[in-house]
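The chain contents come next:
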Amino acid sequence: MRKSAWFLAAALTTFIITMLAGVVYAYNGLSFTNPFSVDSVQAASQSQNVSTSTSDPSQMQTSVPAATSTQPSLSVSPQEAAAMAAKYLKRTDLYSVQLAPINGLNLYKVTFTSGDVAYVSMDGQVILTI
């Protein structure tokens, strides 16, 4: 091989290794803790309530309510949603099932190899077919 080909191969290899190292470094630097978990809310409450206690009842400390989950629990599994859509459309050629947020609702998007698409709600009702 010629020198220019070796130089190009070395430059591309160096670039790819540098990019991969940057991705790994950035991934390791991410914090995956939930800032609204019950433990962090309790820790914040305790750190704010460090004030001196007095016998004055007007200065009673109030507790911070625990954070509630805004994500609805999934009552229907993706497999059940696929089975419901297949039964509704009378099809057996399932291609994929994925969670699709549409107009603020989380729905299962069930796709068939024929191109048919059905949207199934979290409670198991077929909402829309395309």
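So, a few notes on the structure that sits alongside this text. Just so it is clear, the structure is predicted and the values come from calculations on it, not from any experiment.

What counts, and where the lines are drawn
- Residues numbered from 1 in each chain as written.
- Predicted model: local features only at pLDDT ≥ 70, side-chain atom pairs only at ≥ 80, totals over all residues.
- Heavy atoms only, no water.
- Pairing = 2+ DSSP bridges.
- Helix = DSSP H or I, 4+ residues; strand = E, 2+ residues; numbered from the N terminus.
- Buried < 20%, exposed > 50% of the residue type's maximum accessible area, 1.4 Å probe, protein only.
- Expected span 1.5 Å × (residues − 1).
- Arc of directions from axis to C-beta.
- Axes fitted to C-alpha atoms, helices over the stretch in contact; angles between N-to-C directions.
- Contact = heavy atoms within 4.5 Å.

## Re the pairing of strand β4 (residues 126-129)
Point 1. In this structure, strand β3 (residues 117-120) lies alongside β4, joined through 3 bridges in antiparallel fashion. Note on β4: the bridge partner recorded for A118 is T129.
Point 2. Hairpin connection between β3 and β4: a loop of 5 residues separates the two successive antiparallel strands, and G124 in this loop has a positive phi of roughly 95°.

## Some points on unusual backbone geometry
Point 1. Positive phi outside glycine occurs at K90, with the angle close to 55°.
Point 2. Position of K90 relative to the elements: it lies in the loop between α3 (78-89) and β1 (94-102).
Point 3. Although it is not a glycine, N103 adopts a positive phi angle of roughly 50°.
Point 4. Relative to the helices and strands, N103 is located in the loop between β1 and β2 (105-112).
Point 5. We classify N103 as exposed; its relative accessible area is 78%.

## Topic: α3
Every α-helical turn comprises 3.6 residues, leaving residues that sit three or four positions apart pointing alike.
Point 1. With 12 residues, α3 should cover 16 Å at 1.5 Å per step; its first-to-last C-alpha distance of 16 Å lies within 8% of that length.
Point 2. Those residues of α3 that sit buried are A81, A82, A85 and A86. Seen along its axis, α3 keeps its buried residues to an arc of 135°; they face one direction. Residues Q79 and K87 are exposed on α3 and point more than 90 degrees away from its buried face.

## Overview of the sheet that holds β3
Point 1. Judged by pairing direction, the sheet is antiparallel, and its 4 strands sit side by side in the order β1-β2-β3-β4 without closing on themselves. Sheet topology places β1 and β4 at the edges, where each strand pairs with a single neighbour. Averaged over all adjacent pairs, the angle separating strand axes in this sheet is 25°, with direction ignored.
Point 2. Of the pairings in the sheet, the one linking β1 to β2 comprises 8 bridges and is antiparallel in character. Looking at β2, one finds that A100 is bridged to L107.
Point 3. The sheet strands contacting α3 are β1, β2, β3 and β4, and the helix crosses β2 at an angle near 60°.

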